[in-house]
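Now for the letters of each chain:
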Amino acid sequence: MSTQQPEATSGNGERDLRIAIIGAGPGGLCAAIRLRQSGFENFTVLEKGSGVGGTWYHNRYPGCACDIQSELYSFSFEVNTTWTRPYARQPEILSYMEHCAEKYGVLPHCRFNDAVTSARWNDDDATWTLTTESGAEVTADVVISALGMFNDVPLPDIEGLDSFEGKTIHSARWDWDHDLSGETVGVIGSAASAVQLVPEIALEVGQLHVFQRTANWVLPKEDDPYTPEEMAARQADPGIVAARRDELFEQVDTGMAFKDPVRQAEMEDIGRRALEAVTDPELRAKLTPTHMWGCKRPLFHNEYFTTYNRPNVELVTDAIERITPKGVLTVDGTEREMDTMVLATGFSTTKYLSAIEVTGRGGLDIEDAWNDGATAYMGITTAGFPNLFMLYGPNTNNGSIITMIEYQVDYALAHIQRLAEQRLAWVDVKADTMADYNEWVQEGISEIRPWNASCNGYYRSPSGRIVTQWPHNMTTFKDQTAAIDEDAFEVASLPAD
């Protein structure tokens, strides 16, 4: 069945475009808000969860927080004066997203609890057909994919994982109904989610085993909660928050520490000093990274290292041989029995839109189009898939993701307005234009030494190409997306009435 009406024409002759947004996270919300502000109301937001927020809705593990300061990790058009600390935790960020959805009238456009499983372009009538888990179909002239990087949650490929008889929890799908108090718990993984949740659950479990494959740089952050006086001042004068946002933007935009060897050395020095909090020298050595800072995703926490001074916490660096019905067996022959196993193993960050089945012009499958890794022009459009715009797409990860998403939404909106005003059937980026653009992006990436040190699957597609990172600052991206280069795109007009 189709849940949207056949296309109509507005009173001024423009197309009344039917628009489908996949995902109600920050990207989907920003797109919906900007569409409404620009006069587009014929859109539906399709969300697999039961509420808005995206990764901040699904990720609810203990200690979950953002590693970009709250003032910058928020929309420029909706300054939030109620942040309680510099780096907001998940409940506050989710509350902010819910506030934005309510204030800007997005919720009536949302359909929850029905994930999109496929999107198929129809050459004959220049429309997209989206199919959901319930079997429903949505016909759209335009699709905005807000799946981003943190959508696909894979289980680690460890022998015997299904055999474990205790409780298994993935950090991205936390079970708050399960009480860890007094339990013996194993955490597999030591990267972003583990760094945040390990200090939290160590306070309540009886015994905690953390299985580390690679030591990570974990730097401290200035995150003291705002005092009541500071919060009162911020709420009385939103200009304080706006000024802080501008200040943070300037710091992040001009920093680009990955490009600066002096700044990189400073970061590593800060990281080594943070490690001094570990009292056992042998343990400290195991927690010390052997790769340069920035080669893997930098992490930030103030209590992660001191957690290993607790008597109920063990760091395990021997490789896992297999999972047993009772726990984890490592290659040294030790089996650690446990009540609960936490998989802090992250996301398939390089899949993007290929996390669902997508078919474009002439039956082109996105898996085939991206056989060398996800590729897009400006990270937003990909050749062979007309009227499809991605948010937080390939090679857009750097700085504040929320800020980058705003630039991407404005660029997509300019195309959508063009489709409506010029009564175009479709617009599609030219393959050679996309190839030239991505060659330029990869040249920029090749100049950033830490990203090319071959220690990070987080950034790389299976082919080895880095598909996540943006090698320039946010202002460069803003300038590039400020206007449409019409020569970069193929277009087709609607048949005359």
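Now for a description of the structure that goes with this document. Every residue gets a number counted from 1 within its own chain, in the order that chain's sequence is written. Owing to the predicted nature of the model, reporting of local features is limited to residues with pLDDT of at least 70; listing and counting of side-chain atom pairs is limited to 80 or more, with chain, interface and lining totals taken over all residues. The basis for every side-chain value is the complete set of non-hydrogen atoms in the structure, without hydrogens or water.

## Structural notes on the overall build of the protein chain
Applicable threshold: Secondary structure is summarised from DSSP: a helix means a run of H or I of at least four residues, a strand means a run of E of at least two, and numbering begins at the N terminus for each. C-alpha atoms define the radius of gyration in this analysis, and the globule rule sets the expected value at 2.2 Å times the number of residues to the power 0.38. When a residue's accessible area, from a 1.4 Å probe over protein chains only, is under 20% of the maximum for its type it is buried; when over 50% it is exposed; and in between it is partly exposed. Residue contacts are counted whenever heavy atoms from the two residues lie within 4.5 Å of one another. Note that accessible areas follow from Shrake-Rupley with a 1.4 Å probe, and for residues the cover is restricted to the protein chains shown. Residues scored as positive are Lys and Arg, those scored as negative are Asp and Glu, and His as well as the terminal groups of each chain are ignored. Charge placement uses NZ in Lys and CZ in Arg. For Asp and Glu, CG and CD serve respectively.
A count of helical and extended segments in the protein chain gives 13 helices and 23 strands. At 24 Å, the protein chain has a C-alpha radius of gyration in line with the 23 Å of a compact globule built from 497 residues. With respect to the three principal axes, the spread of C-alpha positions in the protein chain is 75 × 55 × 45 Å. Counting across all 497 residues of the protein chain, residues that qualify as buried make up 56%. For the protein chain, contacts bridging at least 24 residues in sequence account for 72% of all contacts bridging at least 6. With an accessible surface of roughly 20600 Å², the protein chain has 46% of that area assigned to carbon and sulfur atoms. In the protein chain, which carries 39 positive and 74 negative side-chain charges, the distance between the mean positions of the two groups comes to 2 Å.

## As for the sheet that holds strand β10 (residues 167-170)
Think of a sheet as strands paired side by side through backbone hydrogen bonds, with each pair either parallel or antiparallel. Here is the rule we go by: We call two strands paired when DSSP finds no fewer than two bridges between them. Between N-to-C directions, angles span 0 to 180 degrees; the directions come from axes that are lines fitted to C-alpha atoms, helices contributing only their stretch in contact.
Reading across from one edge, β10-β19-β11-β12-β15 is the order of the five strands in this open sheet, with parallel pairing throughout. The open sheet has two edge strands, β10 and β15 (313-316), and neither has a second partner. With direction set aside, neighbouring strand axes in the sheet form an average angle of 20°. Note that strand β11 (residues 184-188) and strand β19 (residues 340-343) share four bridges and pair parallel. Bridging across to β19, V187 finds its partner in V342. Helix α4 (residues 192-201) rests against β11, β12 (207-211) and β19 of the sheet, and its axis sits at about 170° to β11.

## What about the state of the cysteines?
Test applied: The disulfide definition used here is simple: a pair of cysteine sulfur atoms within 2.5 Å.
Applying the stated criterion across every chain, the model contains zero disulfides. Here C64 is not cross-linked by a disulfide; its sulfur's nearest cysteine counterpart is in C66, at 9.0 Å. Accessibility expressed as a relative area gives 5% for C64, which makes it buried.

## Section: the sheet that holds strand β16 (residues 320-323)
Pairing within the open sheet is antiparallel, and its three strands lie in the order β16-β17-β18. The open sheet has two edge strands, β16 and β18 (335-337), and neither has a second partner. In this sheet, adjacent strand axes meet at a mean angle of 20° when their direction is disregarded. Of the pairings in the sheet, the one linking strand β17 (residues 327-330) to β18 comprises three bridges and is antiparallel in character. The residue bridging L329 from the neighbouring strand is E335, located in β18.

## Some words on helix α11 (residues 401-421)
Put simply, the rule reads: Helix span, expected: 1.5 Å multiplied by one less than the number of residues in the helix.
A rise of 1.5 Å per residue sets the reference length of α11, with its 21 residues, at 30 Å; its end C-alpha atoms lie 30 Å apart and thus fit the reference within 8%. Within α11, 17 of the 21 residues are buried, which leaves it mostly tucked inside the rest of the structure. After α11 finishes, the residue R423 shows a positive phi value of roughly 50°.

## Observations regarding the side chain of N216
What counts is decided by this rule: Side-chain atoms alone can form a polar contact between residues adjacent in sequence; in general such a contact is a pair of N or O atoms within 3.5 Å, and within protein one must be able to donate a hydrogen while the other accepts it.
With respect to the helices and strands, the residue N216 is situated in the loop between β12 and β13 (218-219). With relative accessibility at 8%, the residue N216 sits in the buried group. There is a polar contact of 3.0 Å between the side chain of N216 and the backbone oxygen of S190.

## Observations concerning the packing of aromatic side chains
The criterion, for reference: Two aromatic rings, drawn from Phe, Tyr or Trp (for Trp, its six-membered ring), form a pair once their centres lie within 6.5 Å of each other, and the interplanar angle then sorts them: stacked below 30 degrees, edge-to-face above 60, tilted otherwise.
In this structure the tally under the stated criterion is 15 aromatic pairs. Where F75 meets Y96, the ring centres are 6.2 Å apart and the plane angle is 35°; that geometry is what we call tilted. Taken as a pair, F75 in the loop between α2 (55-58) and α3 (90-103) and Y96 in helix α3 lie far apart in primary sequence, 21 residues in all. Take F75 and Y96: they sit in the same class, and that class is buried. Where F77 meets Y104, the ring centres are 5.5 Å apart and the plane angle is 80°; that geometry is what we call edge-to-face. One end of the pair, F77, is in the loop between α2 and α3; the other, Y104, is in the loop between α3 and β5 (110-111), with 27 residues separating them in the sequence. Residue classification places F77 among the partly exposed positions, given a relative accessible area of 24%. On the accessibility criterion, Y104 (16% relative accessible area) is buried.

## Quick look at the packing of helix α1 (residues 26-37) against α11
When two helices pack together, their arrangement is given by the angle between the helix axes and by the axis-to-axis distance. Under the convention used in this document: For this classification, under 35 degrees means roughly parallel, over 145 means roughly antiparallel, 65 to 115 means roughly perpendicular, and everything else is oblique. Put simply, a crossing is left-handed when the front helix is turned counterclockwise from the back one by less than a right angle, and right-handed when it is turned clockwise. Residue polarity is assigned by list, with Asp, Glu, Lys and Arg as charged and Ala, Val, Leu, Ile, Met, Phe, Trp, Tyr, Cys and Pro as nonpolar; anything else, Gly included, falls into the polar class.
Relative orientation of the contacting elements α1 and α11 amounts to 45°, with a least axis distance of 9 Å. When the axes of α1 and α11 are compared, the pair comes out oblique. Both α1 and α11 take part in a crossing whose hand is right-handed. Seen from α1, the contacting residues are P26, G27, C30, A31, R34 and L35; seen from α11, they are I402, I405, E406, V409, D410, L413 and I416. By residue class, the composition of the contact of α1 with α11 is nine nonpolar, one polar and three charged.

## Concerning the nonpolar core
Note the following rule: The definition of a nonpolar core used throughout is a set of buried Ala, Val, Leu, Ile, Met, Phe, Trp, Tyr and Cys residues joined through side-chain atoms within 4.5 Å.
Of all hydrophobic cores here, the largest spans 107 residues; its most connected members are I19, V187 and L208. Per-element accounting of this core gives the leading share, twelve residues, to α11. In terms of nonpolar packing, the next biggest core, distinct from the first, is built from 28 residues, A126, V138, L147 and I356 among them.

## Section: unusual backbone geometry
The backbone of N387 sits at a positive phi, close to 55°, despite the residue not being glycine. Counting through the fold element by element, N387 comes out in the loop between α10 (366-369) and β21 (388-390). Judged by its relative accessible area of 1%, N387 is buried. A positive phi is found at Y392, a non-glycine position, where the angle reads about 55°. Residue placement: Y392 occurs in the loop between β21 and α11.

## A closer look at the pattern of salt bridges
Applied cut-off: The rule for a salt bridge is simple: a side-chain nitrogen of Lys or Arg has to be within 4 Å of a carboxyl oxygen of Asp or Glu.
Under the criterion given, the structure shown has 21 salt bridges. Put simply, D410 and R34 hold a salt bridge, and the shortest N to O gap is 3.0 Å. One end of the pair, D410, is in helix α11; the other, R34, is in helix α1, with 376 residues separating them in the sequence. Put simply, D269 and R273 hold a salt bridge, and the shortest N to O gap is 2.3 Å. Taken together, the positions of D269 and R273, both in helix α7 (residues 261-275) and four residues apart, correspond to about one turn of that helix. We classify R273 as partly exposed; its relative accessible area is 45%. Overlapping salt bridges bring together R15, R18 and D141 as one network.

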